[in-house]
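Breakdown of the fold
One-letter residues, chain by chain:
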Amino acid sequence: MTEARTIRDAVEARLARRHRAERRFQLYGLGAIVLAVAFLVLLIGSILYQSVPAFTAHEVTLEVELDPALVDPRGDGSEASLRRGSYNTVIQNALQAQFPDVDERSELRELFGLYSAVNAARLLNTVVDQPELVGARYAFSFPISDDADLYLKGRTVDERRAAGDGMLTIIPSEADVTLRADSPAFQPFADAIRAEAAAWADAAEARAAASWRSAQETIDADTREVLEAEAERAGALAERLRSRLAPDQALVLDAQAPSFLVEADGGVFRVRQISADRTSALAETVIAPAGTGAAERWTAWVLETPAAARLITDRQLVWVRALADRGLIENRFNTRLFTNADSREPELAGVMGALTGSILTVLVTMLLAVPIGVGAAIYLEEFAPKNRLTQIIEVNINNLAAVPSIVFGLLGLAVFINAFGLPRSAPLVGGMVLALMTLPTVIISSRAALKAVPPSIREAALGVGASKTQAVFHHVLPLAAPGILTGSIIGLAQALGETAPLLMIGMVAFIADPPSLGFSGFTEPATVMPVQIFIWSSSAERAFEARTAAAILVLLGLMILFNAVAIYLRRRFERRW
Amino acid sequence: MQISVLVALTLLVLTAVGFLVGRRRALSAADGQPASLHSLPDYYGYYIALWTGAPALFLLAIYGIFGAALVNTLAFGQLERDAAPLIRGYEAALSQDADHQILSGRLDRLNDQIAGLRAELQGGTHSGDVEADVRRLSALTAERNQVQAGLAERRSEVASGIEARTPDTPAGRRALAGFEHWRATPERRELFIADARALAFDEGLASRDTPALRAAAAALQPVERLFQWSAAGAALALAVAGLAFARSRVSRRFRARDRVEGAISAVLLLASIIAILTTVGIVFSLLFESIRFFAAIDWRIHEFLFGTQWSPQIAIRADQVGQSGAFGAVPLFAGTALITLIAMAVAVPVGLFAAIYLSEYAGPGFRAWAKPALEILAGVPTVVYGFFALLTVGPALRDFALFLGYEDAVTQSALSAGLVMGVMIIPFVSSLSDDVINAVPQSLRDGAYAMGATKSETVRQVVLPAALPGIVGAVLLAVSRAVGETMIVVMAAGQGANLTANPLESVTTITVQIVMLLTGDQEFDSAKTLSAFALGLVLFVMTLMLNIIALRVVQRFRERYD
Amino acid sequence: MDLTAPDGAATLYHPTPAGLDPKVATREVSVTYGGKLALDRVTLNVPDRSVTACIGPSGCGKSTFLRCINRMNDTIDNAKVTGSIRIDDEEVNDRSVDPVVLRARVGMVFQKPNPFPKSIYDNIAYGPRIHGLASSREELDAIVETSLKKAGLWNEVADRLAQPGTSLSGGQQQRLVIARAIAVNPEVILMDEPCSALDPIATARIEELIDELRENYALVIVTHSMAQAARVSQMTAFFHLGALVEYGPTEEIFTNPLDQRTQDYITGRFG
């Protein structure tokens, strides 16, 4: 008994420590799951957040004048004539009518940069469909350019407005105007701009230093040159920014500095230079004021993001704001995202083309992988003698399941395209490659489903005199069908999300028209959803970021649909023995 | 097209007829006692249908694959024979053309000089100013390219002279077509044939429309028609013969079902052999193209495997000068290893602990939602992970590194790619480990609990050691997965072939380079493009070995506890 | 050692011979698995330094009862245990009792030998190590040696302590896990059909061992074999359909059963 006592004491002495270790260990486990789920939430959450701007688009609605001289050059109202009309000019005229004092060539180019000329094609089609519109006025809606759209969504430009102090006199001189205040009213803005410029100069200097450092470390001569040039550019910029930091000098504003706009008397002016005493400013007119002279109230409008760091110019920004104030711009649900194919213009780009391509490709994959896979599974599970060949096939299938997908792409490129001469970028070839990739998944899951059918069923069938084939096809296969179907659908969902092998066979092509859904669609160049996501994600335009996220949501939606069908089938038909 | 559709339809009808004939024949052979037949009457029908349809369709398939090439060879062979006088005239004109003589002389000399200089540079015994020689070499190559261009121009001048003298008669146009076909480079020749076919059979749109092309199209048409008709005739004859043969064999004792079932299992065997053919296809295509690549870099395989300089683009630009050091794949291997290491550092602990928690601690309610959550993580396409790494994780890591005072931080880094890849692999590790942990018999756990071990002691000291081989297998499979993962690294790891162990720099991997080399503009025979296949071969061999070892380890483990 | 049957559960108790002190005392112990009753109000006293055999047809709850004593049922998700189990007047089912400490006091041997995938030495040393019973390598060596000697395995394995425990034969493995259990010097040893996976010779060795262990421990053994129960045990409990039907000295139960079911079972009418 005493011995037992001491053992118990020994056990109890260590107990607290052991229980702490136990709790710690359990916490690690829980932490691991929480971490994994947190990643999932972060992944989905960040994509949802990024996709928000893609689902709406700002559209401009303008009264366009369908001048017969422009839209019906031959004057006979025939379709051929209507198709030769200059519809872009029609839109340009309507836009120019909104800002009558814009007349310089370069300014006009900026103004017309607010939309893509591709929109004219839609106006053309409208007129061809309704020839009676010729000569009339017509309210035409078109998406505003992606940069303007993002600006209106507040995603690209930081801006603030403040009421100005005192009176402001507007004195026109040659091309520009001078804005004169009765006190140093521009002082706060000048100070703010100088502070920002100082920060930018610091950043530029840091960039220059970093480039120099990496240039020193680089062995490759070409790269070194590039880095050195970069460093020089950044250094020069920093110098220029510093040069206008002196407090008592005239302040020159350029593309590297925040922009300073003044709204007064219905007009908008873009300030180029603030005088040394901060009471007057040299500016150019963006929108002409109602009259000339003095304004009681004026507003300072500071765009903190410098023009060089954004893709929308000061003037465009002012015009867009003016159009919005006039009620001509509306934020609508972006149907183009779902009905259009790819486009170089983000505001016109949609997923329809890629979606069609995906459907065609997965169709080919399904038609090849499912019958072949199920056939192979039936053979291996039900018919195959246990010999060397079938053993090799088994090992081979298991290994094939773990071969990187890109290797299947290489196979497709070397065999299907280069050796067989099948067309590049075509859903047919893509589907074939994905079928080879999906085959092991289908075989393995089908075999599992066949294996789950109890041998008693086969024995019962054989017992009443059915042949092996009859037993399998009449009894085993129907019972295994739900499992086979589920496995196949999951394999196809995998194929739907696959990218790398399709890059190898050239499905990265830019496809502006969705492929036709007929037979010829299988051999026409196409792209698929994941590849579209890849293409968009590597595009330079910011607006494609949101569209990429939106396309991801569409793809995830498709995959959820696939998996939901698989789960439904499993629940509906699952049988346990 | 229409003929083949017609033939296919006829074949289908014949097959159906065969089925009916078979049934009828069987029933009549049974003398009104169907039970006396060896098989059900339908099987006799299937048997005859099989003999009717299968051989003919097989013939049509063969024709579909090889027919066009055969027609092209025959038709253009004839055209080139028609062009024989033109070809002779062209060669004679070239041999008399002074400009051409001078240019080809210069080309020969330049080639000699270049070869000599390169041999000297590669010999290793070179003592003089290497850089000057390299510069001279690239100057010489540039000159050679110029001379070659001049030669080509001169040749086409001569050729157009010959073409202009050819009379504009049907025969003349045919000769022109043959001549153009003969003179064209392989790629141009492909295009020429494609255009001619387009004009002849409305297969898509022709890029040009010239008299020569029209003549070629006209030459193609009769040959094509001949082949089409004979293929159709042969197929139909084969179908009828098959029908007749099979019909003759049907009798009461004939074992039709065995034959049909034999055919079915042959088809099934064929289906499973496709899996093997895929592997064979992978191995041979990779090997074949890799051999061409190694031939293009003069069999310096050791430099490919152990060289530390990877810059295939330079090799293209300076025409072979930089080639000696340009295909060293070590930076790619190192980048792959670095990213795989980071991914494993994330995936193995998290995945393993998640599996332990799910199988040993979690209640059924918790498991019911945690497991699907992990499965969702596994189902997300890799391109989505790539996007996530590129736009969320990469910038966040860069900002964090900048905040910590590391100034060279970049968005595309090994760390962000590795981290996100690790997340992608978590469910893979956890589900495999879960299986393995569940395969450890309950009696071992009971033994430990009965000794007074706590749960964590049981897991760490009994379950994990018992499951170790299986877990090792799972990790190896995960490594193979990480090594072969493409999209995340393409989007998030950058492209610079840096040989570095710093996870905050951008690195490149085998898969990234394969994608870079094979997307965009490419000429198929260049060493640059072929190197992608050599990289693919390395990747395949690497993952294959990992898989074989892993599968074997896991299988051993399972056998032990089954 | 007086026992009375709880209301409704018709247990028949034989008078207990003198000289047996109770070590484990259970009162109205019931177990449900996910709402299904597996053990119905079992009340009995397990005497110290003796062997108590639990017999009965399959699924009668005898293993469930055994697993209550060291709270192995805790490891099953939906098991619920009610009633009182006391070891030396200490409540086992109390929340404050740590199963870890309890199991150090109550060893258990299972139907199938389950040595850990470790060396023979590490198998025996496992308990002392996790409980911190040895302060030095020499002490641990001594514990291992003593335990193996007590289990009668020392002579067979002394020269191959580093080999894996799984390399032994089935009977040796079972003695190994018995040695593993006694290495922490428990007060009670539970055996769940310890010989059902063994051949007759190995069974005889284990039975001998059980008889030796009786000197120092209270043993509870579940067995399918009535002959074995008769050979090794002093007390016998007969279970049927989750209830304890009859409990008393082995000799009494086998020669003079009070209940018809007991009689039918021991005479082999059902089983």
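Described below are features of the structure shown in this document.

The subject of this paragraph is the overall build of chain B. Counting its regular elements, chain B contains 21 helices and 0 strands. Relative to a compact globule of 562 residues, whose C-alpha radius of gyration would be 24 Å, chain B shows 34 Å and is clearly more extended. The dimensions of chain B, computed from C-alpha atoms along their principal axes, are 105 × 100 × 40 Å. Sorting the 562 residues of chain B into buried and exposed places 47% on the buried side. Considering only contacts in chain B between residues 6 or more positions apart, those separated by 24 or more positions represent 73%. For chain B, the accessible surface area stands at approximately 26,100 Å², while carbon and sulfur atoms represent 62% of it. Charged side chains in chain B number 45 positive and 48 negative. The centres of these two groups are separated by 11 Å.

Take the interface of chain C and chain A next. In many reports, interface size means the accessible area that the parts give up when they come together. Between chain C and chain A, the contact holds 16 residues from the first and 12 residues from the second. Interface area, chain C with chain A, both sides summed: about 1,200 Å², of which 56% is carbon and sulfur. The largest contributions to the chain C side of the interface with chain A come from C:V101, C:H131 and C:N185, which together make up 34% of the buried area. At the junction of chain C with chain A, the criterion picks out 0 salt bridges.

Attention now goes to the environment of C:S167. Residues and elements named next belong to chain C. Residue placement: S167 occurs in the loop between helix 5 (154-157) and helix 6 (170-182). Considered as a pair, S167 and H14 are 153 residues apart in the sequence and their alpha carbons are 45 Å apart. A distance of 2.6 Å separates the side chain of S167 from the backbone oxygen of P164, its partner in a polar contact.

Attention shifts here to the packing of helix 3 (residues 84-96) of chain B against helix 6 (residues 170-183) of chain B. Residue and element names in this part refer to chain B. Where helix 3 contacts helix 6, the two axes come as close as 9 Å, and the packing angle between them is 55°. Comparing the axis directions of helix 3 and helix 6 gives the class oblique. Taken together, the residues of helix 6 that come into contact with helix 3 (itself represented by L86, I87, Y90 and E91) are A175, L176, F179, W182 and R183. Partitioned by chemical class, the residues of the contact of helix 3 with helix 6 number 7 nonpolar, no polar and 2 charged.

Moving on: the state of the cysteines. All names here are of chain C. Scanning the model with the defined rule gives 0 disulfides over all chains in all. Note on C54: no disulfide assigned, nearest cysteine sulfur contributed by C60 at a separation of 8.5 Å. Unpaired in this structure, C68 has its nearest cysteine sulfur neighbour in C54, at a distance of 11 Å. Take C68: its relative accessible area is 2%, and that puts it in the buried class.

Two orientations exist for strands paired in a sheet by backbone hydrogen bonds: parallel and antiparallel. Residue and element names in this part refer to chain A. Spatial strand order, 2-1-12: 3 strands in an open sheet with antiparallel pairing. Where the open sheet ends on each side, the last strands, each with one partner, are strand 2 (137-143) and strand 12 (329-333). Neighbour-to-neighbour, the strand axes of the sheet open up by a mean angle of 35°, direction not taken into account. One ladder, built from 5 bridges, connects strand 1 (residues 56-65) with strand 12; its direction is antiparallel. Within strand 12, the residue paired with T56 across the bridge is F333. Contacting strand 1 and strand 2, helix 4 (residues 87-98) crosses the sheet at an angle of about 95° to strand 1. Against the sheet, helix 6 (residues 119-129) engages strand 1 and strand 2, with an angle of about 145° to strand 2.

With that settled, consider the interface of chain B and chain A. Counting from both sides, the interface comprises 80 residues of chain B and, opposite them, 72 residues of chain A. A combined buried area of about 6,500 Å² lies between chain B and chain A, and 76% of that area is made up of carbon and sulfur atoms. There are 1 salt bridge connecting chain B and chain A. At the boundary of chain B and chain A, one finds 13 residue pairs in polar contact (both at pLDDT 80 or more). No other element matches the 18 residues that helix 9 (residues 256-296) of chain B contributes to the side of chain B that touches chain A. Of the residues belonging to the side of chain B that touches chain A, the class tally is 51 nonpolar, 20 polar and 9 charged.

Our focus in this paragraph is the nonpolar core. Counting residues in each nonpolar core, the largest one holds 188 residues, and the members touching the most others are B:F293, B:F304, B:Y385, B:I425, B:I514 and B:L535. In terms of residues, this core owes the most to one element, helix 13 (residues 330-361) of chain B, which gives 16 residues. Filtering out sequence-adjacent residues up to four positions away, B:I425 remains in contact with B:M344, B:A347, B:A478, B:R481 and B:A482. In terms of nonpolar packing, the next biggest core, distinct from the first, is built from 47 residues, A:V64, A:L95, A:F142 and A:V320 among them.

Turning to the pattern of salt bridges, a few remarks are in order. Using the criterion set out here, one finds 52 salt bridges over all chains in the structure. The partner of B:D446 in a salt bridge is C:R67, with the nearest N and O atoms 3.7 Å apart. One end of the pair, B:D446, is in helix 17 (residues 442-450); the other, C:R67, is in helix 1 (residues 62-69), on a second chain. Here C:R41 and C:D40 are joined by a salt bridge, their closest N and O atoms 2.9 Å apart. Among the charged side chains, a salt-bridge network with shared partners connects A:E107, A:E110, A:D176, A:R270, A:R272, A:E284, A:R310, A:D314 and A:R315.

Rules of the game
- Residues numbered from 1 in each chain as written.
- Chains lettered and ligands numbered in written order.
- Predicted model: local features only at pLDDT ≥ 70, side-chain atom pairs only at ≥ 80, totals over all residues.
- Heavy atoms only, no water.
- Helix = DSSP H or I, 4+ residues; strand = E, 2+ residues; numbered from the N terminus.
- Rg over C-alpha atoms; globule rule 2.2 N^0.38 Å.
- Buried < 20%, exposed > 50% of the residue type's maximum accessible area, 1.4 Å probe, protein only.
- Contact = heavy atoms within 4.5 Å.
- Areas by Shrake-Rupley, 256 points an atom, 1.4 Å probe, with all protein chains shown as cover.
- Lys, Arg positive; Asp, Glu negative; His and termini not counted.
- Charge placed at Lys NZ, Arg CZ, Asp CG, Glu CD.
- Buried area = accessible area lost by both parts, 1.4 Å probe.
- Salt bridge = Lys/Arg side-chain N within 4 Å of Asp/Glu carboxyl O.
- Polar contact = N/O pair within 3.5 Å; in protein donor to acceptor, adjacent residues only side chain to side chain.
- Axes fitted to C-alpha atoms, helices over the stretch in contact; angles between N-to-C directions.
- Parallel < 35°, antiparallel > 145°, perpendicular 65-115°, else oblique.
- Nonpolar A, V, L, I, M, F, W, Y, C, P; charged D, E, K, R; others polar.
- Disulfide = S-S within 2.5 Å.
- Pairing = 2+ DSSP bridges.
- Core = buried A, V, L, I, M, F, W, Y, C linked by side-chain atoms within 4.5 Å.

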